[in-house]
Amino acid sequence: MAARFTVGGFAREWGHCHLLANYLARYVSANEGDPERHATLLSTFINELLEVIFRNHAVEGQIELIFRRRGRHVILQITLPVTEQNRVFYRMAVQIVNQPDLKSWYRARLEDPADGEDTMLGLLELAAVYACSLTISEPPGQDRLSLFLELPEVDDMGEV
């Protein structure tokens, strides 16, 4: 499944972010064994991502979300327009998410976030609490980048 929308429309209708997250999650979860549970967790993940994107994107262009399956995992690819400042932000977020002791680092930052890190805490939560993995792809010479978020198997998560 894929969704594409403009940065302007996304920013203008920001108050509807949770509705977009819920719609996408329900659609992607329709064929799951427990679609309600899957959709609830997936909606949380999507909402966190949309909040980060809302705070860190270029002023114009298109945002594209593509959902894919790899076995029992959902891979979410987010391609968005960025400025150099946004690009640095996402590089730092991916670097932090992939450090060896993320959970300890995350707990410390919840109490005392460093300057500029508060806007990435939702993204860090997805990795530290829910064990999502995050990678980045930056095609050379473009003002866009793609983030790949591999979501955990919902059935194996237990109660969250």
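Residues numbered from 1 in each chain as written. Predicted model: local features only at pLDDT ≥ 70, side-chain atom pairs only at ≥ 80, totals over all residues. Heavy atoms only, no water.

J.: What's the story with the side chain of Glu 32 in this structure? I'm lost.
T.: Along the chain, the position of Glu 32 falls in the loop between helix H2 (17–29) and helix H3 (35–55). The exposure class assigned to Glu 32 is buried, which follows from its relative accessible area of 17%. Excluding residues that lie within four positions of it along the chain, Glu 32 makes contacts with His 38 and Arg 69. (Helix = DSSP H or I, 4+ residues; strand = E, 2+ residues; numbered from the N terminus. Buried < 20%, exposed > 50% of the residue type's maximum accessible area, 1.4 Å probe, protein only. Contact = heavy atoms within 4.5 Å.)

J.: Help me understand H2 in this model?
T.: Two residues of an α-helix separated by three or four positions point the same way, owing to the 3.6 residues in each turn. Helix length check: H2, at 13 residues, gives a terminal C-alpha distance of 18 Å against a target of 18 Å (1.5 Å per residue), a fit within 8%. Residues Cys 17, Ala 21, Leu 24, Ala 25, Val 28 and Ser 29 constitute the buried set of H2. The arc that holds the buried residues of H2, viewed along the axis, is 120°, so those residues lie on one side. Packed against the buried residues of H2 are strand S1 (2–6), H3, strand S2 (62–70) and strand S3 (73–81). (Expected span 1.5 Å × (residues − 1). Arc of directions from axis to C-beta.)

J.: How should the sheet that holds S1 be read in this particular structure?
T.: Strands pair in a sheet through their backbones, by hydrogen bonds, and they do so in one of two ways: parallel or antiparallel. An order of S1-S2-S3-S5-S4 is seen for the five strands of this open sheet, with the pairing classed as antiparallel. Two strands lie at the open edges of the sheet, namely S1 and strand S4 (133–137), each paired on one side alone. Strand-to-strand twist across the sheet, computed as the mean angle between neighbouring axes with direction ignored, equals 15°. (Pairing = 2+ DSSP bridges. Axes fitted to C-alpha atoms, helices over the stretch in contact; angles between N-to-C directions.)

J.: Honestly, the nonpolar core in this entry has me stumped. Any pointers?
T.: Note on soluble globular proteins: their nonpolar side chains tend to be buried together. Counting 49 residues, the largest nonpolar core has Ile 46, Ile 78 and Tyr 90 as its most contacted members. Element by element, the count of residues in this core is highest for H3, at nine residues. Residues contacting Ile 46, with those up to four places away along its chain left out, are Ala 21, Leu 24, Ala 25, Phe 67 and Leu 76. (Core = buried A, V, L, I, M, F, W, Y, C linked by side-chain atoms within 4.5 Å.)

J.: What am I meant to see in the packing of aromatic side chains here?
T.: Both the distance between ring centres and the angle between the ring planes are used here to describe each pair of aromatic rings. Using the criterion set out here, one finds seven aromatic pairs in the structure. Here Phe 5 and Phe 10 contribute two aromatic rings whose centre-to-centre distance is 5.3 Å and whose plane-to-plane angle is 35°, an arrangement assigned as tilted. Each of the two residues, Phe 5 as well as Phe 10, counts as buried. Look at Tyr 23 and Tyr 27: their rings are 6.3 Å apart centre to centre, the planes differ by 40°, and that puts the pair in the tilted class. Linking Tyr 23 with Tyr 27, this pair stays in helix H2, spanning four residues, or about one helical turn. A relative accessible area of 52% means that Tyr 23 is categorised as exposed. (Phe/Tyr/Trp six-rings, centres within 6.5 Å; stacked < 30°, edge-to-face > 60°.)

J.: Just to check I follow, could you spell out the environment of Ala 39 for this structure?
T.: If you trace the backbone, Ala 39 turns up in helix H3. Here Ala 39 falls in the buried class, since its relative accessible area comes to 5%. Leave out the neighbours within four places in its chain, and Ala 39 touches Ala 25, Arg 26 and Ser 29.

J.: Just checking my understanding: could you explain the side chain of Asn 56 for this structure?
T.: Relative to the helices and strands, Asn 56 is located in the loop between H3 and S2. Owing to a relative accessible area of 8%, Asn 56 belongs among the buried residues under this scheme. Beyond its immediate chain neighbours, meaning those up to four positions away, Asn 56 contacts Leu 80, Asn 86, Phe 89, Tyr 90 and Thr 119.

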